[in-house]
Amino acid sequence: MKKLLMVVSGADSLTLADGTSHPTGFWAEEVVESVRVLRAAGIEVTVATPGGVVPTVDKASLDGTFDDAVESLEDLRAPAVLESVQAADFDAIHLPGGHGPMADLASDEALGALLADFHDSGKVVAALCHGPAGLLAAVRADGSFVFAGKEMTAFSDEEERQGGLNVPYSVAGRLAELGARLTPGEPWSSTVVVDGTLVTGQNPQSTVATATRVAELLYPSST
């Protein structure tokens, strides 16, 4: 059985561009549906957070559709400690979104080292919506960006504008500054970009398609 490490933000707030604090966390659909699709494909999923903290769900993502699923997902109540996991124990890593990753994963050194290990070993790296903020942490000791030159997508600036939250920075913009090639789809469309073993999804609408592509890379003979 293939094994996947899902790294969920442990943040419960994001400091906005105007200096105010906004409650945040992980996006319910992106975690619940990703886990569902991956496990249905025969993939063992381990959830980890920085420090092993119990992650906070972004209340804006709870509309009655995934509320019960979040409550019943035992992985979220006792996540693994991110700093203690090893890339050698997994075949893939997946970073779901919510605005939380912008607050903690984007500068998490342990995550950055893990991402470099996964990439350098030719393993699958996936990130969804604001999850690609975590890719920003993947900077080597010489200052080079692990994913420079890679084609990818992330929650777009237009979607951010339409969402109305005054975020402190553009995830897509920072990735581009580091040398990534951003190819956004239409706002709120299911858009997935695959470049080798890197899989990125643009928004919550891309959750199922992103997880499906990850499963296809891990089990190519089944597609």
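Since this is a predicted model, take the numbers as computed values, not measurements.

Q: For this particular structure, what's the right way to read helix H1 (residues 28–40)?
A: Residues separated by three or four positions in an α-helix point in the same direction, a consequence of the helix having 3.6 residues per turn. Given a rise of 1.5 Å per residue, 13 residues ought to cover 18 Å, and the 18 Å separating the end C-alpha atoms of H1 matches this to within 8%. When we look at burial in H1, the residues that qualify are Ala-28, Glu-30, Val-31, Val-32, Glu-33, Ser-34, Val-35, Val-37 and Leu-38. Where H1 is buried, its residues contact strand E1 (2–7), strand E4 (43–49), helix H2 (67–72), strand E6 (92–95), strand E7 (124–128) and helix H7 (207–218). Trailing H1 by a residue or two, Gly-42 shows a phi angle of about 90°, which is positive.

Q: Would you mind showing me how to read the packing of aromatic side chains here?
A: Tallied over the full model, the rule gives two aromatic pairs. Relative to Phe-147, the ring of Phe-145 has its centre 5.9 Å away and its plane inclined at 70°; by these criteria the two rings are edge-to-face. Note on accessibility: Phe-145 and Phe-147 belong to one class, buried. The interplanar angle of 65° and the centroid separation of 5.5 Å between the aromatic rings of Phe-155 and Trp-188 together place this pair among those described as edge-to-face. Note that Phe-155 is positioned in the loop between strand E8 (151–152) and helix H5 (157–163) and Trp-188 in the loop between strand E9 (181–182) and strand E10 (192–195), a separation of 33 residues in sequence. On the accessibility criterion, Phe-155 (7% relative accessible area) is buried. Given a relative accessible area of 34%, Trp-188 falls into the partly exposed group. If you follow Lys-123 out to its NZ or CZ, it ends over the ring of Phe-118, 5.7 Å from the centre.

Q: Would you mind going over helix H4 (residues 109–120) with me for this structure?
A: With twelve residues, H4 extends 16 Å between its outermost C-alpha atoms, agreeing within 8% with the 16 Å of an ideal straight helix rising 1.5 Å per residue. Those residues of H4 not exposed but buried are Leu-111, Gly-112, Leu-114, Leu-115, Ala-116 and Phe-118. Buried residues along H4 sit against E1, E6 and E7. Residue Asp-108 occupies the N-cap position of H4, its side-chain oxygen lying 3.1 Å from the main-chain nitrogen of Ala-110. One or two residues past the end of H4 sits Gly-122, with phi positive at roughly 75°.

Q: Where do I start with the nonpolar core in this structure?
A: Side chains that are nonpolar tend, in soluble globular proteins, to be buried together. Membership of the largest hydrophobic core comes to 37 residues, with the highest contact counts inside it found for Ile-93, Leu-115, Leu-135, Phe-147 and Leu-175. At the level of secondary structure, the elements contributing two or more residues to this core comprise E1, E6, H4, E7 and helix H6 (171–177). Of all the elements, H4 adds the most residues to this core, at five residues. By size, the runner-up hydrophobic cluster in this structure holds 26 residues, among which are Val-70, Val-124, Val-199 and Ala-215.

The rules we used
- Residues numbered from 1 in each chain as written.
- Predicted model: local features only at pLDDT ≥ 70, side-chain atom pairs only at ≥ 80, totals over all residues.
- Heavy atoms only, no water.
- Helix = DSSP H or I, 4+ residues; strand = E, 2+ residues; numbered from the N terminus.
- Expected span 1.5 Å × (residues − 1).
- Buried < 20%, exposed > 50% of the residue type's maximum accessible area, 1.4 Å probe, protein only.
- Contact = heavy atoms within 4.5 Å.
- Phe/Tyr/Trp six-rings, centres within 6.5 Å; stacked < 30°, edge-to-face > 60°.
- Lys NZ or Arg CZ within 6 Å of the ring centre and 35° of its normal.
- Polar contact = N/O pair within 3.5 Å; in protein donor to acceptor, adjacent residues only side chain to side chain.
- Core = buried A, V, L, I, M, F, W, Y, C linked by side-chain atoms within 4.5 Å.

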